[in-house]
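These are the residues of each chain, in order.
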Amino acid sequence: MGRLVVVRGDITREHTDAIVNAANCSLLGGGGVDGAIHRAAGPELLAECRTLGGCRTGEAKITRGYRLAAKYVIHTPGPIWRGGDSGEDALLCSCYASCLRLASEHDCATVAFPSISTGVYHFPLERAAKIAVSTILAYLAEHGEISEVRMVCFDARTEAAYAAALEASEQA
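All residue numbers refer to positions counted from 1 along the written sequence of the respective chain. Only residues with pLDDT of 70 or above have their local features reported here, since the model is predicted, and side-chain atom pairs are shown and tallied only from 80 upward, although totals for entire chains, interfaces and linings are computed over all residues. To get the side-chain values, take all heavy atoms of the structure and skip hydrogens and water.

**Student:** Sorry, what's going on with the pairing of strand β5 (residues 110–113) here?
**Tutor:** It is a general feature of regular strands that their side chains alternate between the two faces of the sheet. Only protein chains enter the accessibility calculation, which uses a 1.4 Å probe; a residue is then buried when its area is under 20% of its type maximum, exposed when over 50%, and partly exposed in between. Put simply, DSSP marks the helices as runs of H or I at least four residues long and the strands as runs of E at least two long, and each gets a number from the N terminus on. What you see with β5 is no split at all: Thr 110 and Ala 112 on one side and Val 111 and Phe 113 on the other are buried throughout. Sheet analysis places strand β2 (residues 18–23) next to β5, joined by two bridges and oriented parallel. Counted as the bridge partner of Ala 18 is Val 111 from β5. For crossovers, right-handed means that the path from the first strand over the helix to the second runs clockwise, given strands pointing away from the viewer. In terms of handedness, the path from β5 via helix α4 (residues 125–142) over to strand β6 (residues 148–153) forms a crossover that is right-handed. Note on pairing: DSSP must find at least two bridges between two strands before they are called paired.

**Student:** When you look at the layout of surface pockets in this model, what are you seeing that I'm missing?
**Tutor:** The gaps left among the atoms become clear once a water-sized probe is rolled over them. Here a cavity denotes a set of grid points, spaced 1 Å apart and computed over the protein atoms alone, in which a 1.4 Å probe fits but from which it cannot get out, and a pocket denotes an open set meeting protein on both sides within 12 Å along at least five of seven lines; residues with an atom within 4 Å of a point are reported as lining. Grid points are joined across faces, edges and corners, and a volume is the space filled by probe spheres set on the points. For the largest pocket, the calculated volume is near 670 Å³. Lining the largest pocket are 31 residues; nearest its centre among them are Ala 22, Gly 32, Val 33, Ser 115 and Gly 119. Secondary structure elements with two or more residues in the lining of the largest pocket: β2, α1 (32–41), β6 and α5 (156–171). Across the lining of the largest pocket, the residue classes break down as 15 nonpolar, 12 polar and four charged. For this classification, Asp, Glu, Lys and Arg are treated as charged, while Ala, Val, Leu, Ile, Met, Phe, Trp, Tyr, Cys and Pro are nonpolar and the rest, including Gly, are polar.

**Student:** What's the story with the sheet that holds β6 in this structure? I'm lost.
**Tutor:** Note: strands within a sheet are paired through backbone hydrogen bonds, in either parallel or antiparallel orientation. Pairing is mixed in the open sheet, where six strands are placed in the order β1-β6-β5-β2-β4-β3. In this open sheet, the two edge strands, each paired with only one partner strand, are β1 (4–8) and β3 (61–64). When the angles between neighbouring strand axes are averaged without regard to direction, this sheet yields 25°. Pairing geometry for β2 and strand β4 (residues 72–77), over six bridges, is parallel. Across the sheet, the residue bridging to Ile 19 is Val 73, located in β4. Whether two residues are in contact is decided by their heavy atoms, any of which lying within 4.5 Å being enough. Between N-to-C directions, angles cover 0 to 180 degrees, with each direction set by a line fitted to C-alpha atoms, over the stretch in contact for helices. Sitting on the sheet, α1 touches β2 and β4, and the angle it makes with β2 is about 130°. Across the sheet, α5 touches β1 and β6, and the angle it forms with β1 is around 165°.

**Student:** Sorry if this is basic, but what is going on with the side chain of Ser 115 here?
**Tutor:** Following the sequence through the fold, Ser 115 ends up in the loop between β5 and α4. What qualifies as a polar contact is a pair of N or O atoms within 3.5 Å, subject to a donor-acceptor requirement within protein and to the restriction that residues adjacent in sequence count only when both atoms come from side chains. There is a polar contact of 2.7 Å between the side chain of Ser 115 and the side chain of Tyr 162. Discounting chain neighbours no more than four positions away, the residues touching Ser 115 are Tyr 96, Leu 125, Met 151, Val 152, Thr 158 and Tyr 162.

**Student:** Even after reading the chapter, I still don't get the pairing of β4, so can you show me in this structure?
**Tutor:** Of all six residues that make up β4, six are buried, and the element is covered over most of its length. Residues of β4 alternate between two faces, with Tyr 72, Ile 74 and Thr 76 on one and Val 73, His 75 and Pro 77 on the opposite face, all of them buried. Here β3 pairs with β4 via four bridges, running antiparallel. In the sheet register, Lys 61 faces β4, and the bridge partner there is His 75.

In structure tokens, the structure reads:
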């Protein structure tokens, strides 16, 4: 098995050193994955996020995991899809790379990601999966300190898109 795996599940239940939150720029909670992580982590997460001053799209900030199994939550605001000509691909790539850099800096050997920007931000799923997989694999090729990255997919459609992107990258 490779160091990047695709699974279906609930990211709030992952037993990894860090989980990634597909956050908004305020970092103060929202819907989807963001809301689920805030609910599962408890009010302490929101209190810590209030001290961070938000986060720009494509960047990342780290907090403790509080009531989650994960030690840390890495928050990254993904790009809103605007048709593909507004730098969305580069911003999404930057989300994954920024999160992995923070994971390395905080000695996280295992990291779980959701599918960033493919929900209410409407980034095309297959395109996002290819960007995520290529960015993660490129990072792992240069950084042995991370032993496993898990793409935790909420539903079968998302899982299939990430599995296909991973399979295509392995055949390339």
